[in-house]
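# Commentary on secondary and tertiary structure
One letter stands for each residue in the lines below.
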Amino acid sequence: MSNSISAGSAAPLDKTFESAEVEARHYALWEQSGAFAADPNSDKPPYTIIMPPPNVTGSLHMGHGLTFTLQDVLIRYYRMAGRDALWQPGQDHAGIATQMVVERQLAEKKITRHDLGREAFIDKVWEWKAESGGTISSQLRRLGATADWPRDRFTLDEGVSKAVRKVFVDLYREGLIYKDSRLVNWDPALETAISDLEVEQQEVKGNLWYFQYPVDGQPGRVLTVATTRPETMLGDTAVAVHPEDERYRDLIGKHCVLPIVGRKILIVADEYADPETGSGAVKITPAHDFNDFEVGRRHNLEMINVLDRKGRINENAPVEYQGLDRFEARRKVVASIEELGLLEKVEPHTHQVPYGDRGGVPIEPYLTEQWYVDAATLAKPAIEAVETGRTKFVPENWSKTYFEWMRNIQPWCISRQLWWGHQIPAWYGPDGEIFVADNEDEAADLARKHYGEDKPLERDPDVLDTWFSSGLWPFSTLGWPDETPELKRYYPGDVLVTGFDIIFFWVARMMMLGIHFMGDVPFRHVYIHALVRDEKGQKMSKSKGNIIDPLEVIDEYSADSLRFTLAVMAAQGRDIKLAKNRVEGYRNFGTKLWNAARFCEMNQCALPADFDPAKVSQTVNRWIIGETARVAAETAQGIEAYKFNEAAGGQYQFVWNTFCDWYLEFIKPILNSEDAGAIAETRATAAWVLDQILLMLHPFMPFITEELNEHFRFVPDRPLITAPWPALNGLDATDAKAEMDWVVRLITDIRAVRAEMNVPAGAQIPCLVQGAASETLAQLSRHAGYIHRLARLTGVDAATEMPKGAVQIVVGEATYGLPLADVIDIGAERDRLAKAIEKADKEIGGIDKRLSNPGFLAKADPAVVEDTREKRQELAGQRDKLTAAVARLADL
RNA sequence: GGGCGCUUAGCUCAGCGGGAGAGCGCUUCCCUUACAAGGAAGAUGUCACAGGUUCAAAUCCUGUAGCGCCCA
């Protein structure tokens, strides 16, 4: 071996790993080196992840911790595996959320946004963004996220805004965006329309009030209707009964007199009225209920809006109600009806009430004119893309959720009565004519053509739903509509990593808009990961006080520990219940690795430049190299299949159980021996394996691995951040594995018996072997050093006969005896052997049952049958030897 | 009401056709010069219940119960 051994740092490793200092230093070095940057000129194949842009108002929570850890694992892995990796970062302007934050700040100074006016208010929001908008980016850096930061985008950047305007204009011209007057979900707190998805149904204990509406011209006759929202009766324009309902047939086409209001309202026949519920008659308020709206359309009913934007009763209601809040109006209506003697009864009633997910107050169905996207048309190719597998969901069953929603998709209301966001590029002429254009000049041109002269235009004051711009994210961030090299190279992305909660909000919209404007799906895979819950399985929330703050966890246990914990718990299809002691456990894993590295350092393990893992001769070294190759392949497969728990778990087991517990223990006697050749090979092998571990673990635990890599410099000038993933083909060593497995079993069995017989842990005792094949004797001698050391034996000597009073163990074809005449309890030993025989008998019994089954022999895979036969033979041999051991005891 | 998922060791969960695993916790022993944030050994399961398919079921199918989530 050459002497060009690379020297590590001069000072030895500290006794403990100081995460805080190391994390800050390495992150800064990585970022300064430009290692996170994608290279559009690279000849490597691209690998793209578009980061779901966190809200500009956001700060890092555990859900972010999970999603960005997994994305970073993928990005780091593929970067190492030779891809030109782009992790495109960004932030979302989050219309409602951000506007609310700034409005709340203004409210402390008793100012409303209206006091400031639109422009000044928006300036304020930008000011706020400049001050507080970057927090999440720096928090992501603490997690170790290696996004391509110089490419950071904001949804209100000029480039992205240009894309938004173009999409709006194009869809409008294609007839896929239109204005319509229909019921929307109106949030009276925020005074804006919101989409169906922003509405949450909450179960509320309310009442069902039964009102009697007098029938016009038939004194004494009434129709009873029931309602959970009495105030809406002020806007009633009909009562519906079922056309087949005998009770009311004569009333169809007649009128009721609406109490309080005095309006005559039509009695219509409509199947919406269910004869089975209540009286069978139902009041119809077309302007304030989605079902009633449909009934109203069918019967051409008048639509009377009785609410204003703030949810107060407006001028369309009787004077004494005008200006009342909707809930006050409710009380007043009930009181008046009761006074009129028309309140039949009141029943307590639990029902679903729609709440705005941001404003937190009940939403009102409200008749307004809004902009809509024809989602059904855009959804068709987006459905097909998943049906044909051009985009695949992982786990696959989420595609079902996607289909369910996409096949029943409703028009998407995209206008919001807010100020913070993309203002809709539509201008109105004096007569209300609409001109949709990229900018005011173009709109003026259109108007000039339309009117034949210049006319004053007014821009639509509304802004777009935040998800409208988010839906363009996979291509708007890459420069679209310009034909940039980035757009050409990095679209479509490889995978979108996200939680199931935004499949509708975001994934679906990206699919629709991406396919429509780019002609291809925005990503090949959609990996849907779990939700992070607390250890009891409850959703983390401020109000429950069960939040685990990722930054606190990082401070306490290190970023590596948190990342590893989240990755190893990220099994597909199940939520993560996170408890701090799990993080502690994986922090201990980092410590274990650190100490294994210290051991290597203390034993002068270094990697010669010409070290060839295929050429080692020691069995123990061939074995560990083969195992390293195996785990490297499994880890890569796990990551590529999004089975992060398998990939990380495999590493955990390999590093701790295989490398530390066994390999490092095996090599101690070698390193302390006189055999210079074996020592050199073993030092090199240990260094090589440690180096592979650092590489394989790097995507999961980037900081500690980079720190150790920097310290050892096994390979000069090769920071892990840009290192290649281990390519370890042709290194399996099945013979070495079989041999070492035998060593492990022998040591384990001896240890077990020692513990059971209460042999003092420190005591070294002799061991005899009987009936061993010559090959076994050779192995015993080859591995004597560590067998003696780890089983605490003075030696293993061949014997033709077991001495009396020896504890006997059967491993393979041989029987091993520990002469413990003075300590052995004959009764206990007989029991122990009897138990072992019983266990073997039970297993043999099970196998015989199978082997005597003709169906099994005829139909099972021949390999399975063969394995079963071999197993039986092995067990039978073991059983015989155990029986012989018992017989020997009888002589005592 | 419709859909999806879950039920495996005390706890948290892997496994998803060939005879049950991990981590944590627990018990015993050990400060063996890499590591006590450690080492060694150990105990614990009608794999929710009931049927069915199969030579073979924790694993596939059907139903039941309980829990959770999504959509009306």
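Parameters at a glance
- Residues numbered from 1 in each chain as written.
- Chains lettered and ligands numbered in written order.
- Predicted model: local features only at pLDDT ≥ 70, side-chain atom pairs only at ≥ 80, totals over all residues.
- Heavy atoms only, no water.
- Patch = residues over 30% accessible without salt bridge, like charges linked within 9 Å, V, L, I, M, F, W, Y side chains within 5 Å.
- Areas by Shrake-Rupley, 256 points an atom, 1.4 Å probe, with all protein chains shown as cover.
- Salt bridge = Lys/Arg side-chain N within 4 Å of Asp/Glu carboxyl O.
- Lys, Arg positive; Asp, Glu negative; His and termini not counted.
- Charge placed at Lys NZ, Arg CZ, Asp CG, Glu CD.
- Helix = DSSP H or I, 4+ residues; strand = E, 2+ residues; numbered from the N terminus.
- Buried < 20%, exposed > 50% of the residue type's maximum accessible area, 1.4 Å probe, protein only.
- Contact = heavy atoms within 4.5 Å.
- Near = heavy atom within 4 Å.
- Polar contact = N/O pair within 3.5 Å; in protein donor to acceptor, adjacent residues only side chain to side chain.
- Nonpolar A, V, L, I, M, F, W, Y, C, P; charged D, E, K, R; others polar.
- Expected span 1.5 Å × (residues − 1).
- Pairing = 2+ DSSP bridges.
- Right-handed = clockwise from strand over helix to strand, strands pointing away.
- Axes fitted to C-alpha atoms, helices over the stretch in contact; angles between N-to-C directions.
- Parallel < 35°, antiparallel > 145°, perpendicular 65-115°, else oblique.
- Left-handed = near helix turned anticlockwise from the far one by under 90°.
- Phe/Tyr/Trp six-rings, centres within 6.5 Å; stacked < 30°, edge-to-face > 60°.
- Lys NZ or Arg CZ within 6 Å of the ring centre and 35° of its normal.

This next bit is on a negative patch on the surface. On the surface, a cluster of negative charge is contributed by Asp861, Glu866, Asp867, Glu870 and Glu874. Looking at the secondary structure, you find Asp867 in helix H29 (residues 862–890).

With respect to the helices and strands, the residue Tyr786 is situated in helix H26 (residues 784–791). Residue classification places Tyr786 among the buried residues on the basis of a relative accessible area of 5%. With 118 residues separating them along the chain, Tyr786 and Lys668 place their C-alpha atoms 7.8 Å apart. Excluding its chain neighbours within four sequence positions, the residues that come into contact with Tyr786 are Val620, Glu665, Phe666, Pro669, Ile670, Met740, Val743, Ile747 and Ala791.

What follows deals with the protein's contact with RNA strand B. Near RNA strand B there are 39 residues, and of these Arg574, Trp656, Arg850, Asn853 and Lys859 occur at the shortest range. When atoms of RNA strand B within 4 Å of the protein are split into backbone and base, the sugar-phosphate part holds 64%. For RNA strand B, a base nitrogen lies 3.3 Å from a polar atom in the side chain of Lys668. Contacts to RNA strand B include Arg850, whose side-chain N or O atom sits 2.6 Å from a base nitrogen. Of all the secondary structure elements, the ones that give two or more residues to the surface near RNA strand B are helix H19 (580–602), helix H21 (644–671), helix H24 (734–756) and helix H28 (854–859). With 11 residues, the top contributor of residues to the surface near RNA strand B is H19. Its residues placed into classes, the surface near RNA strand B shows 15 nonpolar, nine polar and 15 charged.

Attention now goes to helix H7 (residues 158–173). Between its first and last C-alpha atoms H7 spans 22 Å; for 16 residues at 1.5 Å apiece the expected length is 22 Å, and the two agree. Every buried residue of H7 is listed here: Val160, Ser161, Ala163, Val164, Arg165, Val167, Phe168, Val169 and Leu171. Residue Gly175 follows H7 closely and has a positive phi angle near 80°.

The next point concerns the pairing of strand S23 (residues 523–529). The element S23 is largely enclosed, with a buried count of five among its seven residues. Bridge analysis of strand S15 (residues 392–394) against S23 gives three bridges, and the strand direction is parallel. Paired with Val394 across the bridge in S23 is Tyr527. Of the strand pairs in this sheet, strand S22 (residues 493–499) and S23 are connected by six bridges, and their pairing is parallel. Residue pairing for S23: Val495 is matched across the bridge by His525. Each parallel crossover has a hand, and for S22 linked through helix H16 (residues 503–518) to S23 it is right-handed.

In spatial order, the strands read S6-S5-S14-S16; together these four strands make up an open sheet with antiparallel pairing. Whereas interior strands pair on both sides, the edge strands pair on one side only; in this sheet they are strand S6 (192–194) and strand S16 (412–413). Bridge count for strand S14 (residues 364–373) against S16 is two bridges, and the pairing is antiparallel. The residue bridging Tyr372 from the neighbouring strand is Cys413, located in S16.

Attention now moves to the pairing of strand S26 (residues 765–770). Across the six residues that make up S26, a large majority, five, are buried. Relative to strand S27 (residues 793–798), S26 runs parallel, the two sharing five bridges. Across the sheet, Leu768 pairs through a bridge with Asp797, a residue of S27. Of the strand pairs in this sheet, S26 and strand S29 (residues 814–819) are connected by three bridges, and their pairing is antiparallel.

Moving on, we come to the packing of helix H2 (residues 62–80) against helix H20 (residues 619–640). A pair of packed helices is characterised by two quantities: the angle between their axes and the separation of those axes. Two numbers describe how H2 lies on H20: the axes approach to 10 Å, and their chain directions differ by 130°. By the angle class used here, H2 and H20 are oblique. Viewed along their axes, H2 and H20 form a crossing whose handedness is left-handed. Where H2 abuts H20, its residues Val73, Leu74, Tyr77 and Tyr78 lie against Ala636, Ile639 and Glu640. Of the residues in the contact of H2 with H20, the class split is six nonpolar, no polar and one charged.

This part is about the pattern of salt bridges. Between side chains of opposite charge, a pair can form as their charged atoms come close. Summed over all chains, the structure comprises 57 salt bridges. For Glu23, the salt bridge goes to Arg142, with nearest N and O atoms at 4.0 Å. With Glu23 in helix H1 (residues 19–33) and Arg142 in helix H6 (residues 135–143), the pair connects residues that are 119 residues apart, well separated along the chain. A relative accessible area of 6% places Glu23 in the buried class. Asp445 is the salt-bridge partner of Arg448, the closest N and O atoms lying 2.9 Å from each other. In this pair, Arg448 and Asp445 both sit in helix H12 (residues 440–451), three residues apart, roughly one turn of the helix. For Arg448, a relative accessible area of 37% gives the class partly exposed. Put simply, Glu21, Arg25, Glu707 and Glu710 are held in one network by salt bridges that share partners.

Overall, the coordinates contain 42 aromatic pairs when judged by the stated rule. The interplanar angle of 70° and the centroid separation of 6.1 Å between the aromatic rings of Phe564 and Phe700 together place this pair among those described as edge-to-face. Of this pair, Phe564 sits in helix H18 (residues 559–568) while Phe700 sits in the loop between helix H22 (676–697) and helix H23 (702–712), and the two are 136 residues apart along the sequence. Ring-pair connections join several aromatic residues into one group, and the members of that group are Phe564, Tyr586, Phe589, Tyr652, Trp656 and Phe700. Between Lys129 and the ring centre of Phe154, over which it is positioned, the NZ or CZ distance is 4.0 Å. Looking at Lys332, its charged tip hangs above the ring of Tyr321, at a distance of 5.5 Å from the centre.

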